[in-house]
Amino acid sequence: MVKRSVDIVGGALLSLAAVPLIAVGTVVVMVTLRTTSPFFTQTRIGRNGRELRFPKLRTMPRSMPAYALKTEVSFDHLPRPMKFLRRMHIDELPQLFLVVTGALSLVGPRPKMPDAVEPVDAAYGAARVRVRQGCTGLWQISTAKSLLPKDHPEYDLFYVEHQSLRLDLWILWRTLMHGLRLTNLITLDDVPAWTLRQGATRRNAPVLDLTPGKESHQRANA
């Protein structure tokens, strides 16, 4: 598969490039938080509902629950270096190694936390794991990223319905540009028609309905 080939090559190159940043980030975490455990892992839900181990650099004190939702946590008290690691997403870089192993893709829906922590609509949850989960995706570069994916499921549903190499490359480009603060966050209306597969257009681009067993061909609104 072309997508998997891109993941292997791109994931390997990005993983190598990320090693120095991860190394520096590790030292910063150990010094700032005064910990000998700069990494932690969560259990996340991957493709077809399989569990995967999700590594991150620690940016919160060890006393913070491992599965604290960002919408329920105040980051104002964090030391400035930790805020920087989060803002630049350096804490997420260890996940690139999961792309090489096949547990993740470069682009796809964000891996969901366990149901006990992040419950979602059953139909949305089933649709979300139809594809390989990703390091970045439409939700991550959207105006809804300050909330949780379940609060704006249209981004994941749109991707599941229209995944293509062109869409993946566009998302990767926008992720890079946003990381460099060179572009704004998007809504679904900003996704170019040329990235959609099977000749779909912005006007009639279908998304999945959240009603089990049904499909909707209504236009997605951000």
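Just above sits the structure.
First, a word on scope: everything that follows refers to the structure included in this document. Only a predicted model underlies this, so the values are computations on that prediction, with no experimental measurement involved.

### Structural notes on helix α5 (residues 154-162)
No. 1: Judged by how many residues are buried, α5 sits mostly within the fold: nine of nine residues are covered.
No. 2: If you check which residues of α5 are buried, you get E154, Y155, D156, L157, F158, Y159, V160, E161 and H162.
No. 3: Elements in contact with the buried residues of α5: α1 (2-33), β3 (105-107), α4 (122-128) and α6 (165-179).

### So, the pairing of strand β1 (residues 39-45)
No. 1: Among the seven residues that make up β1, five are buried, leaving the element largely enclosed by the rest of the structure.
No. 2: In this sheet, strand β2 (residues 51-57) lies alongside β1 in antiparallel orientation, the contact comprising seven bridges. When the bridges of β2 are listed, I45 appears paired with E51.
No. 3: If you look at the hairpin formed by β1 and β2, you'll find five residues sitting between the two strands, and N48 has a positive phi there, around 60 degrees.

### What to know about the packing of α1 against helix α2 (residues 80-87)
No. 1: One can describe the packing of α1 onto α2 by two numbers: an axis separation of 9 Å at closest approach and a directional angle of 145 degrees. Seen from above, α1 lies across α2 with left-handed handedness. Contacts between α1 and α2 involve G25, V28, V29, T32 and L33 on the former and, on the latter, P81, M82 and L85.
No. 2: Tallied by class, residues from the contact of α1 with α2 come to six nonpolar, two polar and no charged.

### Looking at the pattern of salt bridges
No. 1: Per the stated rule, a full pass over the model turns up six salt bridges.
No. 2: Measuring nitrogen to oxygen at the nearest pair gives 3.5 Å for the salt bridge that ties E92 to K56. Highlighted residues: E92 in the loop between α2 and α3 (96-101) and K56 in strand β2, separated in sequence by 36 residues. Comparing E92 with K56, the two get one shared label, buried.
No. 3: One salt bridge connects K112 with D115, and the closest N-O pair in it is separated by 2.6 Å.
No. 4: By relative accessible area, which is 7% here, K112 ends up buried.
No. 5: Through salt bridges that share partners, K56, E92 and R110 make up one connected network.

### A closer look at the nonpolar core
No. 1: Of all hydrophobic cores here, the largest spans 35 residues; its most connected members are L138, Y159, W170, I171 and V191.
No. 2: Secondary-structure elements contributing two or more residues to this core are α1, β2, α2, α3, β3, α5 and α6.
No. 3: With four residues, the single largest contributor to this core is α5.

Here is what the cut-offs are and how they apply
Residues numbered from 1 in each chain as written. Predicted model: local features only at pLDDT ≥ 70, side-chain atom pairs only at ≥ 80, totals over all residues. Heavy atoms only, no water. Buried < 20%, exposed > 50% of the residue type's maximum accessible area, 1.4 Å probe, protein only. Helix = DSSP H or I, 4+ residues; strand = E, 2+ residues; numbered from the N terminus. Contact = heavy atoms within 4.5 Å. Pairing = 2+ DSSP bridges. Axes fitted to C-alpha atoms, helices over the stretch in contact; angles between N-to-C directions. Left-handed = near helix turned anticlockwise from the far one by under 90°. Nonpolar A, V, L, I, M, F, W, Y, C, P; charged D, E, K, R; others polar. Salt bridge = Lys/Arg side-chain N within 4 Å of Asp/Glu carboxyl O. Core = buried A, V, L, I, M, F, W, Y, C linked by side-chain atoms within 4.5 Å.

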